[in-house]
Amino acid sequence: MGEAADGGADASRKRLLKSPAARDGLAVGLATAVYGVSFGALSVAAGLDVWQTCFLSLIMFTGGSQFALVGVVASGGVAAGASAIAAAGLLGVRNVVYGMRMKPVVDTGGPWRRAAASWVTIDESTAVALAQTDERQSRIGFWVTGVAIFVGWNLTTLAGALIGDAIGDTRAWGLDAAAAAAFLGLLWPRLKSLQTGAVAVAAAVVAAFTTPVLMPGLPVLVAAVVAVVVGWFDLLGRRRAT
Amino acid sequence: MTIWHIVILASIATLALKLAGYAVPASFLERERPARIADLLTVALLAALIAVQTFGDGQAIVVDARLPAVIVAAALFALRVPFVVVVIVAAAVAAGLRAVT
């Protein structure tokens, strides 16, 4: 991004937009920004106000964690606060892995650039960066995707929160089912192997069966243990296949 | 605890995780186990949230208009229908069923 600021900004902007990584990034950014409407609407349906909803998109800025937080608050209210924080945090653990992968690609500046890079380190920016074949395109893909999604996601979150605020009884509009469908949409692309499929089914069963006996929010965390156990021993994993 | 506390604490936690990734030495990544567990954690939590969001009603498990809506959503995702369209259709299915029952 820094290169575009000095002389010949116009020429370098043209070159940037011609790069395949930038095109990928903008396309992914546009597609992802639209999710923001569902997040905004679901968040106010869960009981957060418009400011709290926008705060999450600005500061937390990691969709899965944001959906998780409002999902747990929707089912358990403020009493499930600790579980909501834990669920958001656990879903954010994958960003640690993304940060480790992206560091050698984007971390060529000082602490400010590193902070900005980590802020926009999410599924999509990492995925676009990793899909490129050379390092320069990776860097472009990462930043274009991250910034495009950041801007779009925040604008559409605000729009969704205002829509959600205006429509009143959210159950009559099926927003609770929309939340489940949104989680399913986040999960779907990850169901590529026997291992992930088995973990998904087992976690869903554990969460459903523990819901009547545990405090709201806790079933989601108990289900996370399935992932730790299966992941630790690599049950049903690649080791057997190769 | 208020909703603001939840929102701020959770935001600090997730942001700290993002920063932590850039602070971890790269050799840690060469170990497969942490990466695999992080991946599977995401899968497990999303699946658990789907279950709770579909069947949960406070601490009760109920089957209502949400289940057909989620089944329709799964079929549409399998057909590669875009995310936003699926979410809207799922809401419409649940809203429609509730309107007629």
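Residues numbered from 1 in each chain as written. Chains lettered and ligands numbered in written order. Predicted model: local features only at pLDDT ≥ 70, side-chain atom pairs only at ≥ 80, totals over all residues. Heavy atoms only, no water.

The name that an unreviewed UniProt entry assigns to chain B is AzlD domain-containing protein, with the source organism given as Agromyces protaetiae.

(A) Just the overall build of chain A, in detail. Secondary structure assignment for chain A yields 14 helices and zero strands. Order of helices (α) and strands (β) in chain A, N terminus to C terminus: α-α-α-α-α-α-α-α-α-α-α-α-α-α. The C-alpha atoms of chain A give a radius of gyration of 20 Å, which matches the 18 Å a tight globule of 242 residues would have. Judged by the C-alpha coordinates and their principal axes, chain A covers about 65 × 55 × 30 Å. Burial statistics for chain A: of 242 residues in total, 52% are counted as buried. Across chain A, the fraction of contacts at a sequence separation of at least 24, relative to all contacts at a separation of at least 6, is 71%. Here chain A has roughly 10,600 Å² of accessible surface; of this, 70% comes from carbon and sulfur atoms. With 18 positive and 14 negative side-chain charges, chain A shows a spacing of 8 Å between the two charge centroids. (Helix = DSSP H or I, 4+ residues; strand = E, 2+ residues; numbered from the N terminus. Rg over C-alpha atoms; globule rule 2.2 N^0.38 Å. Buried < 20%, exposed > 50% of the residue type's maximum accessible area, 1.4 Å probe, protein only. Contact = heavy atoms within 4.5 Å. Areas by Shrake-Rupley, 256 points an atom, 1.4 Å probe, with all protein chains shown as cover. Lys, Arg positive; Asp, Glu negative; His and termini not counted. Charge placed at Lys NZ, Arg CZ, Asp CG, Glu CD.)

(B) Spotlight on the confidence of the model for chain B. Residue and element names in this part refer to chain B. Per-residue confidence for chain B gives a mean pLDDT of 90, with 96% of residues at or over 70. The least confident element of chain B, judged by mean pLDDT, is strand 1 (residues 56–57) at 88; the most confident is helix 3 (residues 66–78) at 96. The ipTM, which scores confidence in the relative placement of chains, is 0.88 for this predicted complex, and the corresponding pTM is 0.81. (pLDDT = per-residue confidence, 0-100.)

(C) Here's a closer look at helix 2 (residues 20–33) of chain A. Residue and element names in this part refer to chain A. With 14 residues, helix 2 should reach 20 Å at 1.5 Å per residue; the first-to-last C-alpha distance of 20 Å fits that figure. Within helix 2 the residues assigned to the buried category are A21, A22, G25, G29, T32 and A33. Taken down its axis, helix 2 places every buried residue within 100° of arc, on the same side. (Expected span 1.5 Å × (residues − 1). Arc of directions from axis to C-beta.)

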